[in-house]
Amino acid sequence: MTERSIEMRFSGSHDPLAALLLCGAHKADRVMVAGQWTVVNGEIPGLDTPQLIADHSQVAKRLAEKLS
């Protein structure tokens, strides 16, 4: 287990993977899928987070306008 996984919410789990899925983890430091890192240092490599946030905000605003 890593230092990050030694938290109260993970206590009692003997399996680190099960702890991530079952013990209230809300963010993973690293995730590998089919041999490829899809999350590194808590971030998705290559994802333009500021642009994603801007796009999401714009779409949410349009939706809110339609609903009001």
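How each quantity is defined
- Every chain is numbered independently, its residues counted from 1 as its sequence is written.
- Given that the model is predicted, a residue must reach a pLDDT of at least 70 before its local features are reported, and side-chain atom pairs must reach 80 or more before they are shown or counted; all residues, however, enter totals for whole chains, interfaces and linings.
- The side-chain numbers reported here are obtained from all heavy atoms of the structure, hydrogens and water having been left aside.
- Any two strands with at least two DSSP-identified bridges between them are counted as paired.
- Runs of E in the DSSP output that reach at least two residues are strands. Runs of H or I that reach at least four are helices, and both are numbered from the N terminus.
- Any carboxyl oxygen of Asp or Glu that lies within 4 Å of a side-chain nitrogen of Lys or Arg is treated as forming a salt bridge with it.
- Throughout, exposure labels follow a simple rule: accessible area from a 1.4 Å probe, protein chains only, divided by the maximum for the residue type, with under 20% read as buried, over 50% as exposed, and the rest as partly exposed.
- Residues qualify for a patch when their relative accessible area is over 30% and they have no salt bridge, like charges being joined within 9 Å and the nonpolar side chains of Val, Leu, Ile, Met, Phe, Trp and Tyr within 5 Å.
- Using the Shrake-Rupley algorithm and a 1.4 Å probe, accessible areas are obtained, with residue cover drawn only from the displayed protein chains.
- Per-residue confidence from the predictor is given as pLDDT, running between 0 and 100.

**As for the pairing of strand 1 (residues 30-33)**
1) Next: For strand 1 and strand 2 (residues 36-40), the ladder comprises 4 bridges, and the chain directions are antiparallel. Within strand 2, the position partnered with V31 by the bridge is V39.
2) Next: Hairpin remark: strand 1 followed by strand 2, antiparallel, with 2 residues in the connecting loop; positive phi at A34, about 50°.

**Quick look at the pattern of salt bridges**
1) Next: Here the structure, examined in full by the defined rule, presents 1 salt bridge.
2) Next: With a closest N to O distance of 3.9 Å, D29 and R30 form a salt bridge.
3) Next: Residue classification places D29 among the partly exposed residues on the basis of a relative accessible area of 28%.

**Overview of a nonpolar patch on the surface**
1) Next: Side chains of L17, L20, L21 and L22 sit close together on the surface and give an oily, nonpolar patch of about 470 Å² of accessible area.
2) Next: Within the secondary structure layout, L17 lies in helix 1 (residues 16-22).

**Examining the confidence of the model for the protein chain**
1) Next: Mean pLDDT over the protein chain works out to 83, with 78% of the residues at or above the 70 mark.
2) Next: Mean pLDDT across the elements of the protein chain bottoms out in helix 1 (73) and peaks in strand 2 (95).

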